[in-house]
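The residues making up each chain are set out below.
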Amino acid sequence: VSDGSVIAHFSPPTILASSKTEAPSENERTPTLSDTLVLQAERDERLSSYRNIAREAFARNTSVIVIVPTVPEAETLSEKLSRGIEEQVLLMTTALPKKALLAAWQRGVGDTKPLLIVATPQFLMLPRTVETIIVERESARAYVGRERGALDARIMAEEVARMSGARLILADFP
């Protein structure tokens, strides 16, 4: 599978069509070892853990991204996690209208405040430094693309975490 098809799979077409940003040079990419953790708990316990992880990250002035397999799950999770921190939660899905999607992308890239980003796999290539990448319901079949090449978002999340030095949490039911 070519680099271009991987980038196209994990970046929304609206963003690719309007993107004016340059890719970081090879010198700026320094792969590092990162922690990979597994969180097996019921949904409410996982959500409570995500809130705690986000609060800890916000205290260190860093961001967290939660990747979910589907748009409805992203919307539900965003709503549940945003209680009390509405200003710091950013929902990013391809179901957003073009204008809202571009605004969310710009906020995700440019906002200097720490954010809790809830997104579908198409936003794994968001050029923002995050401390933790959480893959919610990591056993979901929706993470594997249906088109030729069958790219797996979980593997991409592992690679993004490794390249950025972020902690990776794979979360699911026990």
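Residues numbered from 1 in each chain as written. Predicted model: local features only at pLDDT ≥ 70, side-chain atom pairs only at ≥ 80, totals over all residues. Heavy atoms only, no water.

Account for the nonpolar core, with residues named and values stated.
Ranked by size, the top nonpolar core spans 25 residues in total, and within it I65, I67, M92, I117, A119, I133 and L168 carry the most contacts. Examining the composition of this core, we find that 4 residues originate from one element, helix 6 (residues 153-164), more than from any other. Among residues more than four places away in sequence, those in contact with I67 are A119, T120, P121, L124, I133, I134, V135, E136 and Y143. (Core = buried A, V, L, I, M, F, W, Y, C linked by side-chain atoms within 4.5 Å. Buried < 20%, exposed > 50% of the residue type's maximum accessible area, 1.4 Å probe, protein only. Helix = DSSP H or I, 4+ residues; strand = E, 2+ residues; numbered from the N terminus. Contact = heavy atoms within 4.5 Å.)

Report on the pairing of strand 5 (residues 132-135), specifying residues and quantitative values.
The two faces of strand 5 match: T132 and I134 on one face and I133 and V135 on the other face are all buried. As paired strands, strand 2 (residues 64-67) and strand 5 are joined by 4 bridges and run parallel to one another. When the sheet's bridge partners are listed, V64 is paired in strand 5 with T132. (Pairing = 2+ DSSP bridges.)

Account for the side chain of R154, with residues named and values stated.
Take R154: it is sitting in helix 6. Taking the relative accessible area as the measure of exposure, R154 reaches 17% and is therefore buried. Polar contacts involving the side chain of R154 include one to the main-chain carbonyl oxygen of E138, which spans 2.8 Å. Here R154 is in contact with V135, E138, S139, A140, Y143 and V144, once residues within four sequence places are set aside. (Polar contact = N/O pair within 3.5 Å; in protein donor to acceptor, adjacent residues only side chain to side chain.)

I'd like to hear about unusual backbone geometry, residue by residue, with values.
A positive phi angle, near 60°, is found at N61, a position not held by glycine. Mapped onto the fold, N61 is located in the loop between helix 3 (43-59) and strand 2. Classification of N61 by relative accessible area gives exposed; the value is 52%.

Which residues make up the pairing of strand 6 (residues 167-172), and what values go with them?
Strand 6 sits mainly inside the fold: 5 of its 6 residues count as buried. Where strand 1 (residues 36-40) and strand 6 come together, 5 bridges link them in parallel fashion. Directly across from L39, in strand 6, lies its bridge partner A171. Of the pairings in the sheet, the one linking strand 5 to strand 6 comprises 4 bridges and is parallel in character. Among the inter-strand pairings, V135 is bridged to a residue of strand 6, identified as L170.

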